[in-house]
Amino acid sequence: MVTTTRRRHGGSHAALVIRAVADVMAAIIGLWILLYVLGANRGNDLVVFVHDSARWLAGWSYDLFDLEPDWFQVLVNYGIAAVTYLLVGHLLASRVHRH
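These remarks concern the structure in this document.

Calculation rules
Residues numbered from 1 in each chain as written. Predicted model: local features only at pLDDT ≥ 70, side-chain atom pairs only at ≥ 80, totals over all residues. Heavy atoms only, no water. Helix = DSSP H or I, 4+ residues; strand = E, 2+ residues; numbered from the N terminus. Buried < 20%, exposed > 50% of the residue type's maximum accessible area, 1.4 Å probe, protein only. Contact = heavy atoms within 4.5 Å. Areas by Shrake-Rupley, 256 points an atom, 1.4 Å probe, with all protein chains shown as cover. Expected span 1.5 Å × (residues − 1). Arc of directions from axis to C-beta. Polar contact = N/O pair within 3.5 Å; in protein donor to acceptor, adjacent residues only side chain to side chain. Bend = angle between axes of the 7 residues up to and from the residue.

1. Focus on the overall build of the chain
In terms of helices and strands, the chain carries three helices and zero strands. Secondary structure elements of the chain occur, N-terminal to C-terminal, as α-α-α. Put simply, the chain has 99 residues, and 25% of those count as buried. Once local pairs closer than 6 in sequence are excluded, the contacts in the chain between residues at least 24 apart make up 59%. Within the structure as shown, the chain displays about 6800 Å² of accessible surface, and the carbon and sulfur contribution to it stands at 67%.

And the structure:
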């Protein structure tokens, strides 16, 4: 009985961590989309950091589609990565939580 309780408790902690990491990744990408759409100063250190982080996280999707206007291209391409991280992270967390 104690082993089962520990396993369930550990699984829920792992699920929480997975979900939190996925949320943070999506939030960074979402923040970059917001900064881009609002025309944030690209010379600002925070903006540079967020952009570099989002570009690294969305490296597989940030130039997936060539769309006009530019803000729509950023929204779609980075948005694909953000939604993917949320879906995969939360599905994986649900699976880990059940086991």
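2. Side note on helix α2 (residues 45–57)
Taking 1.5 Å of rise per residue, 13 residues should cover 18 Å, and α2 covers 18 Å from first to last C-alpha, within 8% of that figure. Of all the positions in α2, only Val 47, Val 50, Ser 53, Ala 54 and Leu 57 are classed as buried. Projection of α2 onto a plane perpendicular to its axis shows the buried side chains occupying an angular sector of 135 degrees, all on one side. With respect to the buried face of α2, the exposed residues turned more than 90 degrees away are Asp 45, Phe 49 and Trp 56. Regarding α2, its N-cap is Asn 44, as a side-chain oxygen of that residue lies 2.7 Å from the backbone nitrogen of Leu 46 further along.

3. Observations concerning helix α3 (residues 70–98)
Here α3 contains 29 residues, and its C-alpha end-to-end distance of 42 Å stays within 8% of the 42 Å for a straight helix at 1.5 Å per residue. Where α3 bends most, the angle comes to about 30 degrees, and this point is Gly 79. Within α3, the full set of buried residues consists of Gln 73, Val 74, Asn 77, Tyr 78, Gly 79, Ala 81, Ala 82, Tyr 85, Gly 89 and Ala 93.

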